[in-house]
Amino acid sequence: MTVETKLTILNEFDVREAELYVLIESLETNMLRETINRIQKDLALIRAEKIRQDGSLPLDLWKNNSAKDTINIPRSDMIQDFANKLLHECEERGDQFVIKQVCS
């Protein structure tokens, strides 16, 4: 391989790496937006149910324990697989995690 060919391959690798970062950031942004929308929708449903039951919305709604619901946020399989691989390859030292190998 010539030096020019190696430089071309390295430049292509850098471009693809940058594109991958943009895709991951976009995926995270979309997941956060979906999560926020789902939480807002669930809170609106809780408030509507509370108004329907009581007839009026109390001013101290945050003090009421009657509106306890759990919200399951879906995680992407790709992110879960990456997290599992990362945790599998790391070593815990005190309160820090040391990653021995990033890619296998």
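Residues numbered from 1 in each chain as written. Predicted model: local features only at pLDDT ≥ 70, side-chain atom pairs only at ≥ 80, totals over all residues. Heavy atoms only, no water.

## Comments concerning the overall build of the chain
Within the chain one finds 2 helices and 2 strands. Going residue by residue from the N terminus, the α and β elements of the chain occur as α-α-β-β. A buried classification covers 3% of the 104 residues belonging to the chain. Carbon and sulfur atoms make up 57% of the accessible area of the chain, which totals about 9,700 Å². (Helix = DSSP H or I, 4+ residues; strand = E, 2+ residues; numbered from the N terminus. Buried < 20%, exposed > 50% of the residue type's maximum accessible area, 1.4 Å probe, protein only. Areas by Shrake-Rupley, 256 points an atom, 1.4 Å probe, with all protein chains shown as cover.)

## Observations regarding the pairing of strand β1 (residues 90-93)
Every regular strand shows the same layout, with side chains that alternate between the two sheet faces. Taken together, the 4 bridges between β1 and strand β2 (residues 96-99) define a ladder with antiparallel strand orientation. Looking at the pairing, R93 lines up with Q96 of β2. Between β1 and the antiparallel strand that follows it, β2, lie 2 residues; G94 among them carries a positive phi value of about 70 degrees. (Pairing = 2+ DSSP bridges.)

## Some words on the pattern of salt bridges
In this structure the tally under the stated criterion is 1 salt bridge. The residue E12 makes a salt bridge to R16 at a minimum N-O spacing of 2.8 Å. Residue E12 and its partner R16 are located together in helix α1 (residues 3-54), separated by 4 residues, close to a single helical turn. (Salt bridge = Lys/Arg side-chain N within 4 Å of Asp/Glu carboxyl O.)

## Concerning the confidence of the model for the chain
Confidence along the chain averages 77 in pLDDT terms, with 68% of residues attaining 70 or more. The lowest-confidence element of the chain is β2, averaging 76 in pLDDT; the highest-confidence one is α1, averaging 85. (pLDDT = per-residue confidence, 0-100.)

## What to know about helix α2 (residues 77-88)
Helix length check: α2, at 12 residues, gives a terminal C-alpha distance of 16 Å against a target of 16 Å (1.5 Å per residue), a fit within 8%. Little of α2 is tucked away: 0 of the 12 residues are buried. (Expected span 1.5 Å × (residues − 1).)

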